[in-house]
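The lines below spell out each chain.
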Amino acid sequence: MKVQNGSFLSIEQLQDKYLRQGSRTDNEKREETFSFQEVLSRKQTAVAAGAASLKFSKHAQSRLSDRNIELTNGQMERLHDGAKKAGEKGIQDSLVIVDGLAFIVNIPNKTVVTAMDSADTQDSIFTNIDGAVIM
């Protein structure tokens, strides 16, 4: 422990020295401030980008690959729209049907859990869903 002028450092001096080392100056803090409009715009952009993105689970990717299913941009858009509509209705796990392709989508996680084509949906039984959207 350091001795300063024959005495120990006070708790306040230690706090200033060690705890506030990494704190920024007022000028640095001012440089990082944003107007309300800038913050609002960034949040709206982030929400819009998040709403447009769906992830595919490894299982869903495997199913698409095994069944040689390739989605067009239009089909992806309708899948996104279907998931968005399901979310607006409060659905948690949704069946979304696009052009004879069936997708189970976990809405809160924005994740496609599995995918099937019309050959796999012959039994027409879907479990563990609480809503369906046909696009």
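None of the values given here were measured: they were computed from a predicted structure.

Engineer: So what's going on with the sheet that holds strand S4 (residues 93-98)? Which residues, and what values?
Structural biologist: Strand order across the open sheet formed by 5 strands is S3-S6-S5-S4-S7, with mixed pairing between neighbours. Where the open sheet ends on each side, the last strands, each with one partner, are strand S3 (55-56) and strand S7 (131-134). Where S4 lies against S7, 4 bridges are found, and the strand directions are parallel. Along S7, the bridge assignment pairs Val96 with Val133. This element, helix H5 (residues 73-88), spans S3, S4, strand S5 (101-106), strand S6 (111-116) and S7 of the sheet and lies at about 150 degrees to S4.

Engineer: Requested: an account of unusual backbone geometry, with residues and values cited.
Structural biologist: Here the phi dihedral of Asp99 falls at roughly 50 degrees; this positive angle occurs in a residue that is not glycine. The backbone of Lys110 sits at a positive phi, close to 55 degrees, despite the residue not being glycine.

Engineer: Can you explain the pattern of salt bridges? Please cite residues and give values.
Structural biologist: Inspection of every chain in the model, using the stated rule, returns 1 salt bridge. Arg78 is paired through a salt bridge with Asp99; the nearest N and O atoms lie 2.5 Å apart. On the criterion of sequence distance, the pair formed by Arg78 in helix H5 and Asp99 in the loop between S4 and S5 is long-range, its members being 21 residues apart.

Engineer: Help me get a handle on the nonpolar core, residues and values and all.
Structural biologist: One finds Leu79, Phe103, Val105 and Val112 to be the most contacted residues of the largest nonpolar core, which totals 18 residues. Of all the secondary-structure elements, those providing two or more residues to this core are helix H4 (58-66), H5, S4, S5 and S6.

The rules behind the values
Residues numbered from 1 in each chain as written. Predicted model: local features only at pLDDT ≥ 70, side-chain atom pairs only at ≥ 80, totals over all residues. Heavy atoms only, no water. Pairing = 2+ DSSP bridges. Helix = DSSP H or I, 4+ residues; strand = E, 2+ residues; numbered from the N terminus. Contact = heavy atoms within 4.5 Å. Axes fitted to C-alpha atoms, helices over the stretch in contact; angles between N-to-C directions. Salt bridge = Lys/Arg side-chain N within 4 Å of Asp/Glu carboxyl O. Core = buried A, V, L, I, M, F, W, Y, C linked by side-chain atoms within 4.5 Å. Buried < 20%, exposed > 50% of the residue type's maximum accessible area, 1.4 Å probe, protein only.

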